[in-house]
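# Observations on chain architecture
Each chain, letter by letter, is given below.
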Amino acid sequence: MLLNARILPYVLILPVTLFLCLFFIYPFVLVSQQAFGSSEGGWSLDNFREVVDYWKFPISLKNTLLLAAAVVPIQLALALLMATMVSKMEKGRDMVLYIWTIPLGISDLAAGIIWLAIFEQSGFLNSMLNGMGVIDKPVNFLTYQNPWIVFVAIALAEIWRATAIMLVILVAGIGLIPKEYYEAADVFGASKWKQFTRITFPMLRPSLQTALVLRVILAFEIFAVVAALGGTLFPVLMGETYAYQFDLLNSGAAAAMALIILAISIGFTLIILRILRVPKGASI
Amino acid sequence: MAEIQIKNVAKSFGAYQALNNINLTIADQEFMVLLGASGCGKSTLLRIIAGLETATSGEVWIGGKRIDHLSPKDRGIAMVFQNYAVFPHLTVFENIGFGLRMQKLPNDEVTQRVERVAGLMHIEMLLKRYSGELSGGQRQRVAVARALAMEPDVILMDEPLSNLDALLRMEMRAELKGVLAESKTTAIYVTHDQVEAMSMADRISVMHEGNIVQAASPIEVYRDPAAKFVASFIGNPPMNFLPATPAGAGKWQVSGQTFDGPNTDKAGLQFAIRPEDMAPAEHGLVATAKIVEPLGAHLLVTCQIDEAQFRVILDSDTVVKPGQTLTLAPQSDRVRWFDPETTLAVA
Ligand SMILES: Nc1ncnc2c1ncn2[C@@H]1O[C@H](COP(=O)(O)OP(=O)(O)OP(=O)(O)O)[C@@H](O)[C@H]1O
Ligand SMILES: [Mg+2]
């Protein structure tokens, strides 16, 4: 019986573990083989050299990082604000949450297309500006002459689409903070802002870690929204990976790109975990 | 000067009436204990004074100023919470200094005040620890230290010693009282432990089902309970009660004996006496001993008089066997009378 109790948990996680090994580790090994393989056989860094030396690589790396740097902090701030507001509501809280999380149910390509419908030459924005008399003929915003508008359109679409995933995690996290802490803070003179910085934020660190890691990884994998709004005007890492695989039919290079994205994601995950770590002994 | 006045305060949670029309004045620097059974509304009253709960009606005044519309931090109070509310992500030092930091006191003053109150509460060695790692009793002391560090006009304490072991509690009881007396703070102290209440209070407010039944000095609450509830809640074992029937003006018949009592025209009263206020005698109430418990300092005998249970505390040298008949004479100046209808004391 004792032995059973000890073994049972492992037996129970076995199917999931096998599943993960089969569909994650195995493809990962294959991809690595492709990335580090070379045409003459054996190991080499040729693929990495090729993708990094390509003229579009620095641009797509810069674009991806810039986009993440612009989008994720705004999403974090928005999600925190929305989560604190929702948590203070007594009635209608679920309703508001449902509405705010609707964009989550939309695929990223569809989201990109929705925002394309706003920004394109015959789109809502143009008809609105035209109607108000700001412009006298429709303007094509999403062109290579307006790289910042393309950037802003993509950022807006991403913020609209993917803030809710952080929101959901943060709402759950805020719900776990006992309200006595706020009462004590009230009595001991902490303003609402101080309560946020001294209590909510530190006690939310585990949820913030989860939300940020998830969001940052997804931000580095941005693809469909960019494809819809920027096309080739705004190269990003994932788009380049796609191009290597399906346009240039160079799966070795595509595999190398995939590993580079993975490495960046892991790097940022470690940084986030480090910054938001809970000091040893400080239980939350 | 921080006199606290509670005027006609009532509180209901939906249909449930947690406090009915509370009136209470606590003098400057007084140590007031709110004593009552679980659920009688002690915490609710304290939280209304603190501003964490809004009274349904009534007013709260501190130091001659009406404060019930102010936010907690503007009331000049500090509080020890029943469930500590010590921040687990901060060190003990930062917990104790929390309020001081909010007041933006200079670093060295924070350090000095934190170290002083940590010394008072015997937690100097814990200052660097995170409070998530502390035991319940240690956390409770951090909570008390955090409140003391504020040097408030009024300190509100909700069962601040309930998680300490008996020995430490006795020690802390005396120390806390000393610390508070020295700091000239007005204190409201909630407890359901009557020994704590008796030993610490300047005055005790006995609460029952959302009412303050009596607010008086510990000895008065003990000797002259204003209502039967107080008589049976305070004292261990509590007061004994026997039914009394009228036997002429100012005379009452209790279990075949006649006693001098109040001169009223009530159809019946309850005769009450504390267990230690009886002694074996030639004449008196006739009781049959049922259970004999030698407690060292004295002998506790549970007996029966007519149908009623009756406890007496006798000298530990007395020899009593179960089944034995005792004749017990009540000390006449310690006899009290209650009206069975209103349950209030009758003089
Ligand atoms: N937020 C609330 N909502 C509904 N009822 C409440 C609320 N707070 C307290 N009560 C009720 O009010 C009554 C008094 O509660 P209170 O916490 O003041 O009791 P207490 O005397 O402090 O008891 P204890 O000694 O157990 O702490 C209880 O019956 C409780 O159920
Ligand atoms: Mg309570």
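Residues numbered from 1 in each chain as written. Chains lettered and ligands numbered in written order. Predicted model: local features only at pLDDT ≥ 70, side-chain atom pairs only at ≥ 80, totals over all residues. Heavy atoms only, no water.

Let us now look at the overall build of chain A. What chain A contains, in helices and strands, is 13 helices and 0 strands. Overall, chain A shows an N-to-C arrangement of helices and strands of α-α-α-α-α-α-α-α-α-α-α-α-α. Taking the principal axes of its C-alpha atoms as reference, chain A extends roughly 70 × 65 × 30 Å. Split into buried and exposed, the 284 residues of chain A put 41% on the buried side. For chain A, restricting intrachain contacts to residue pairs at least 6 apart in sequence, the fraction spanning at least 24 positions comes to 70%. (Helix = DSSP H or I, 4+ residues; strand = E, 2+ residues; numbered from the N terminus. Buried < 20%, exposed > 50% of the residue type's maximum accessible area, 1.4 Å probe, protein only. Contact = heavy atoms within 4.5 Å.)

Right, let's get into the packing of aromatic side chains. Residue and element names in this part refer to chain A. Following the criterion strictly, the structure yields 22 aromatic pairs over all chains and no others. Measuring from centroid to centroid gives 6.3 Å for Trp 115 and Phe 119, while their planes differ by 25°, and the two rings are stacked. Pair noted here: Trp 115 and Phe 119 are both in helix H5 (residues 108–119), with a separation of 4 residues, about one helical turn. With respect to burial, Trp 115 and Phe 119 carry one shared label: buried. Consider the rings of Phe 196 and Phe 201, whose centres lie 6.4 Å apart with planes at 55°: the pair is tilted. (Phe/Tyr/Trp six-rings, centres within 6.5 Å; stacked < 30°, edge-to-face > 60°.)

The next thing to look at is the coordination of the magnesium ion (ligand 2). Each protein donor to the magnesium ion (ligand 2) is listed here as Ser 43 of chain B (OG) and Gln 82 of chain B (OE1); together their distances run 1.9 to 2.3 Å. With Ser 43 of chain B in helix H1 (residues 42–50) and Gln 82 of chain B in the loop between strand S6 (77–80) and helix H2 (92–96), this pair connects stretches of sequence that are 39 residues apart. (Donors = N, O, S within 2.8 Å, 3.2 Å for Na, K, Ca; no water.)

Turning to the confidence of the model for chain A, a few remarks are in order. Considering every residue of chain A, the mean pLDDT works out to 86; 99% of them sit at 70 or more. Confidence scores differ between elements of chain A, with helix H6 (residues 124–132) of chain A showing the lowest mean pLDDT of 81 and helix H8 (residues 180–187) of chain A the highest of 94. (pLDDT = per-residue confidence, 0-100.)

What follows is about the confidence of the model for chain B. Confidence along chain B averages 93 in pLDDT terms, with 100% of residues attaining 70 or more. Across the predicted assembly, pTM comes out at 0.84 and ipTM at 0.87.

UniProt marks residues 61–272 of chain A with the feature "domain: ABC transmembrane type-1" (unreviewed entry), using the numbering shown here. With 76% helix and 0% strand, the stretch residues 61–272 of chain A has end C-alpha atoms that lie 20 Å from each other. (UniProt positions renumbered as here; feature names shortened; annotations may be inferred.)

Looking now at the side chain of Thr 44 of chain B. Mapped onto the secondary structure, Thr 44 of chain B falls in helix H1. Residue contacts for Thr 44 of chain B: discarding those within four places in its chain leaves Lys 11, Phe 13, Ala 18 and Leu 19 of chain B.

Below, the discussion takes up helix H4 (residues 107–120) of chain B. All names here are of chain B. With 14 residues, H4 ought to run about 20 Å at 1.5 Å a step, and its terminal C-alpha atoms sit 20 Å apart, in line with that. Buried residues of H4: Val 110, Arg 113, Val 114, Val 117 and Ala 118, and no others. Projected onto a plane normal to the axis of H4, the buried residues spread over an arc of 130° and lie on a single side. More than 90 degrees from the buried face of H4, the exposed residues found are Asp 108 and Gln 112. (Expected span 1.5 Å × (residues − 1). Arc of directions from axis to C-beta.)

Take the interface of chain B and chain A next. On the chain A side, the residues contacting the 26 residues of chain B number 22 residues. Buried area between chain B and chain A, both sides added, is near 2,100 Å², and the carbon and sulfur share of it is 69%. The interface formed by chain B and chain A holds 1 salt bridge in total. Across the pair Arg 47 of chain B and Glu 183 of chain A runs a salt bridge, and its minimum N-O distance is 2.7 Å. For the pair chain B and chain A, the interface holds 2 residue pairs in polar contact (both at pLDDT 80 or more). Elements represented by at least two residues in the side of chain B that touches chain A include exactly S6, helix H3 (98–102) and helix H5 (136–149) of chain B. Ranked by residues supplied to the side of chain B that touches chain A, first place goes to H3 of chain B with 4 residues. Residues belonging to the side of chain B that touches chain A are distributed by class as follows: 16 nonpolar, 4 polar and 6 charged. (Buried area = accessible area lost by both parts, 1.4 Å probe. Salt bridge = Lys/Arg side-chain N within 4 Å of Asp/Glu carboxyl O. Polar contact = N/O pair within 3.5 Å; in protein donor to acceptor, adjacent residues only side chain to side chain. Nonpolar A, V, L, I, M, F, W, Y, C, P; charged D, E, K, R; others polar.)

Moving on, we come to the site of ligand 1. All names here are of chain B. Around ligand 1, the structure places 14 residues, and the nearest of them are Ser 38, Gly 39, Lys 42, Ser 43 and Thr 44. Between ligand 1 and Ser 38 there is a distance of 2.4 Å, counted from an oxygen atom to a side-chain nitrogen or oxygen. The contact in question runs from an oxygen atom of ligand 1 to an N or O atom on the side chain of Lys 42, over 2.8 Å. Here ligand 1 loses 62% of its free accessible area of 630 Å² to cover by the protein chains. (Near = heavy atom within 4 Å. Areas by Shrake-Rupley, 256 points an atom, 1.4 Å probe, with all protein chains shown as cover.)

Residue and element names in this part refer to chain B. The strand order across the open sheet formed by 4 strands is S2-S1-S4-S5, and the pairing between neighbours is antiparallel. Looking along the sheet, the strands with just one partner apiece sit at the ends: strand S2 (16–26) and strand S5 (65–66). With 5 bridges joining them, strand S1 (residues 4–13) and strand S4 (residues 57–62) adopt antiparallel strand pairing. Bridging across to S4, Ile 4 finds its partner in Ile 62. (Pairing = 2+ DSSP bridges.)

With that out of the way, let us pick up the domain arrangement of chain B. Residues and elements named next belong to chain B. Its domain assignment divides chain B into domain 1 (4–227) and domain 2 (240–338). Between the C-alpha centres of domain 1 and domain 2 the distance comes to 39 Å. With 7 residues of domain 1 at the contact, the number on the domain 2 side is 6 residues. Here domain 1 packs against domain 2, burying approximately 550 Å² in sum over the two surfaces, 39% of which is carbon and sulfur. Considering only the side of domain 1, the residues that lose the most area to domain 2 are Tyr 222, Arg 223 and Pro 225, jointly responsible for 78% of the buried surface there. (Domains from an automatic or database assignment.)

Okay, H8 of chain A next. Among the 8 residues that make up H8 of chain A, 6 are buried, leaving the element largely enclosed by the rest of the structure. When we look at burial in H8 of chain A, the residues that qualify are Tyr 181, Tyr 182, Glu 183, Ala 184, Ala 185 and Val 187 of chain A. Against helix H9 (192–203) of chain A together with H1, S6, H3 and H5 of chain B lie the buried residues of H8 of chain A. After H8 of chain A finishes, the residue Gly 189 of chain A shows a positive phi value of roughly 90°.

Residue and element names in this part refer to chain A. Where helix H7 (residues 147–175) contacts helix H10 (residues 205–220), the two axes come as close as 9 Å, and the packing angle between them is 160°. Classified by the angle their axes make, H7 and H10 are roughly antiparallel. Two packed elements cross with a definite hand, and for H7 against H10 that hand is right-handed. In contact with Glu 158, Arg 161, Ala 162, Ile 165, Met 166, Ile 169, Leu 170 and Gly 173 of H7, H10 contributes Ser 207, Leu 208, Thr 210, Ala 211, Leu 212, Leu 214 and Arg 215. When grouped by side-chain class, the residues that make up the contact of H7 with H10 number 9 nonpolar, 3 polar and 3 charged. (Axes fitted to C-alpha atoms, helices over the stretch in contact; angles between N-to-C directions. Parallel < 35°, antiparallel > 145°, perpendicular 65-115°, else oblique. Left-handed = near helix turned anticlockwise from the far one by under 90°.)

All names here are of chain A. Axis separation between helix H12 (residues 237–247) and helix H13 (residues 251–275) bottoms out at 7 Å; the angle between their running directions is 160°. Taken together, H12 and H13 sit at an angle that is classed as roughly antiparallel. Crossing handedness for the pair H12 and H13: left-handed. Contacts between H12 and H13 pair Leu 237, Met 238, Glu 240, Thr 241, Tyr 244 and Gln 245 from the former with Ser 251, Ala 253, Ala 254, Met 257, Ala 258, Ile 261 and Ile 264 from the latter. Residue composition of the contact of H12 with H13, by class: 9 nonpolar, 3 polar and 1 charged.

Before going further, it helps to examine the environment of Ile 62 of chain B. Residues and elements named next belong to chain B. Here Ile 62 shows up in strand S4. Relative accessible area serves as the criterion here: at 8%, Ile 62 is assigned to the buried category. For Ile 62, the contacting residues outside a window of four places in its chain are Ala 2, Glu 3, Ile 4, Ile 67, Arg 75, Ile 77 and Val 154.

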